[in-house]
Amino acid sequence: MISSIIFSVLILTTAVIFIVRIRQINANINLGRDIDLSDRPSERWKTMARVALGQSKMVARPFAGIMHIFIYVGFILINLEVLEILIDGVFGTHRIFYQFLGSDTYHTFIGFFELLAFLVLFACVAFLVRRNVGRLKRFSGTEMTAWPKSDANIILIVESLLMIAVLTMNAADSVLFALPDATVMTAGLSHYTGIEFDGWFWFSGYLTGMLPNDPTTLFYIERACWWFHIVGIFGFLIYIPYSKHFHIFLAFPNTYYSKLEPAGELTNLESVKKEVELMMDPNQDPFAAPAADAIPAEPQRFGAKDVTDLSWKNLMDAYSCTECGRCTSECPANQTGKLLSPRKIMMDTRDRAEELGAHKRKNGAEADDGKSLLGDYITKEELWACTTCNACTDACPVNINPLNIIVDLRRFLVMEESAAPNELNTMFTNIENNGAPWQFAMADRANWRDE
Amino acid sequence: MAAAGESPEVLFWVGCMGSFDDRAKKITKAFAKLLNRANVKFAVLGTEESCSGDPAKRSGNEFLFQMQAFANIQVLNAYEVKRIVTACPHCFNTLKNEYPELGGNYEVIHHTQFINTLFKEGRLTVEGGSFKGKRITFHDPCYLGRANDVYEAPREVLQKLDAELVEMKRCKQRGLCCGAGGAQMFKEAEKGDKEVNVERTEDVIESKADIVAAGCPFCNTMMTDGVKHFNKEDEISVKDIAELIAEAADL
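This one's a predicted model, so the numbers in the text were calculated from it and none came from an experiment. (Residues numbered from 1 in each chain as written. Chains lettered and ligands numbered in written order. Predicted model: local features only at pLDDT ≥ 70, side-chain atom pairs only at ≥ 80, totals over all residues. Heavy atoms only, no water.)

## Re the overall build of chain B
On a plain count of helices and strands, chain B comes out with ten helices and eight strands. The globule rule puts the C-alpha radius of gyration for 251 residues at 18 Å, and the 18 Å found for chain B is close to it. In terms of overall dimensions, chain B has a C-alpha envelope of 50 × 45 × 30 Å along the principal axes. Across chain B, every contact between residues at least 6 apart in sequence was considered, and the portion connecting residues at least 24 apart equals 79%. (Helix = DSSP H or I, 4+ residues; strand = E, 2+ residues; numbered from the N terminus. Rg over C-alpha atoms; globule rule 2.2 N^0.38 Å. Contact = heavy atoms within 4.5 Å.)

## Regarding the interface of chain B and chain A
In this complex, chain B contributes 66 residues to the contact, which on the side of chain A involves 60 residues. With both sides pooled, the region where chain B packs onto chain A buries about 5,600 Å², and carbon together with sulfur makes up 62% of that total. For the pair chain B and chain A, the number of links is four salt bridges. For E451 of chain A, the salt bridge identified is with K25 of chain B, shortest N-O distance 3.1 Å. The interface formed by chain B and chain A includes 34 residue pairs in polar contact (both at pLDDT 80 or more). (Buried area = accessible area lost by both parts, 1.4 Å probe. Salt bridge = Lys/Arg side-chain N within 4 Å of Asp/Glu carboxyl O. Polar contact = N/O pair within 3.5 Å; in protein donor to acceptor, adjacent residues only side chain to side chain.)

## Notes on the packing of aromatic side chains
Tallied over the full model, the rule gives 27 aromatic pairs over all chains. Relative to F109 of chain A, the ring of Y106 of chain A lies with its centre 6.0 Å away and its plane at 35°, an arrangement referred to as tilted. Of this pair, Y106 of chain A and F109 of chain A both sit in helix 5 (residues 97-132), three residues apart, which is roughly one turn of the helix. For the ring pair F31 of chain B and F114 of chain B, a centre distance of 6.5 Å and an interplane angle of 80° mean the geometry is edge-to-face. Of this pair, F31 of chain B sits in helix 2 (residues 22-37) while F114 of chain B sits in helix 6 (residues 111-120), and the two are 83 residues apart along the sequence. (Phe/Tyr/Trp six-rings, centres within 6.5 Å; stacked < 30°, edge-to-face > 60°.)

## Re the layout of surface pockets
Residue and element names in this part refer to chain A. Put simply, the second largest pocket is a space of about 830 Å³. Along the wall of the second largest pocket there are 40 residues; nearest its centre are M58, H68, K244, H247 and T322. Looking at the lining of the second largest pocket, its residues break down into 25 nonpolar, seven polar and eight charged. Each of two domains, domain 1 (2-30 + 61-256) and domain 2 (302-422), supplies a minimum of three residues to the lining of the second largest pocket. (1 Å grid on protein atoms, 1.4 Å probe; cavity = no way out; pocket = protein on both sides within 12 Å on 5 of 7 lines; lining within 4 Å. Points joined across faces, edges and corners; volume = space filled by probe spheres on them. Nonpolar A, V, L, I, M, F, W, Y, C, P; charged D, E, K, R; others polar. Domains from an automatic or database assignment.)

In structure tokens, the structure reads:
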């Protein structure tokens, strides 16, 4: 009875903390400009099904891809077993699904989850070894400071411990079930009678040999693992939205809102379009006063200086990033030792959205902390190293687009600050004057025909 | 041509590299010869063509890009252009994807796709004999491949050469950039420990190819410089697909 109350309070507390944090992230993402991505829903669902649900881009790297699928499938399906644990916790029952499924089916049901748990454990250990012993280049780099590294290890260790707890719990339980009912009853554990199996569970069976035969000790082992597992899950749920592990939720909406246009297509800035049309229209009166009833539009920057100039999709991208570094390892600039790292662009964007969001929650929606994404987080040198080759966008398993942010920041540098590198300014001048990026005369354009 | 009331089958958009760069002009001429051989009635804008605006747009100068687009679209629409073929993937991408929203709607084709169609329609034939025994590798231009998902047309064209086609370890979707895109062509690279084209040329050397087939004048320059960096210009030549086909067709 008391444990049911404690359990219910834990569920509610977890839910409240989780929802408060999700609302914060939602507000932070909405610091971005509004853009309309409601078009082509069927194409979007398909992209999401293929990329997020179907993990199609993960397997581009087979080892990591398959290990990730173990964890992903395990994580989703094991929720069925968690459902049993939740029901048991709230109503004070024990292995409630046994009543519905019967001995044989329940044995297979739990056996299947043990298989998943084993695969998850295997993959987590493999990932831990690869990360900490394997010295993979993409797990280092300037942006991989202490926190991102510990974050990754915390996730893998917690997931491993949760799986070990489940397996140990099952092992202790099955030894208890196998003891004569009278012995168990004498120990005052009537809960653990009435459940019978042929043999051990598929995987935890191998652990039973290590366990004692004393019902009370078994009971404490089983309960300890049960509570550790479920409280661990609650804790993990609270942890996830502060961590790169948040990708398990955002991967789905983020792939739904993927860019559907060809990767090479950049948007045509609407604000610039208006200016160019005005400039090119001979019927325009350059000194015309705005119409009296015109709603004065809020002046928008050309390009982006801070997260508020980026779109909400750019910021959703940032919160979806799990810092795997595939973008950076495919980036030609990064491979040749330049400062640019697409992963850093995404992490900086997320960290800046976090910082600005927290500042606004504290000091009001209009508050400005005097910092910006460009300058305080991302330097010009990083931005100018990009070849816009789309290797990063192609490599990302959840269709994050770092290039979009890079180009928007460049637009700010060029159009608001005239801060392009000198050679590019020369190129601009040449295009303006000669219609070509070099200093050649327009009249010589067709000379190749006579050479 | 327009003055004579004729309309061409296709407009050949030459691009700035193809018009002014001495190396790229050879690609332009090779492609023009192929068009003539296949009896394609084509037109060029000549002195009325202007930069598509790609390098301006990609370096963030949206104003300049849209000014260029505006001017080009006026010319193209005035000539009632419907189909455009270009040997530059940057012009290809810009005209195909970014002009429509600004009022320029054309069917835009990359020259490797166009040559491939000419072969398929039987309008162009070549004897691949002169390349027998050579190893050719195709370097995917970012703005043709990843940017627009064109991977097969250039490879199908190269099949006509009767040579041995080899892939670099990084190819198609994972092909490494030559280092020129995003306006890098016009500036020095940022500080690093290597040039991108040198990194890419290492892939070429590893593939043991005799010829690097390019489909982009920018890549062509970068790869040629990369091969020179390793003093391998006697062993490895860098040629555009149009040049290789023109050579095989004895043009």
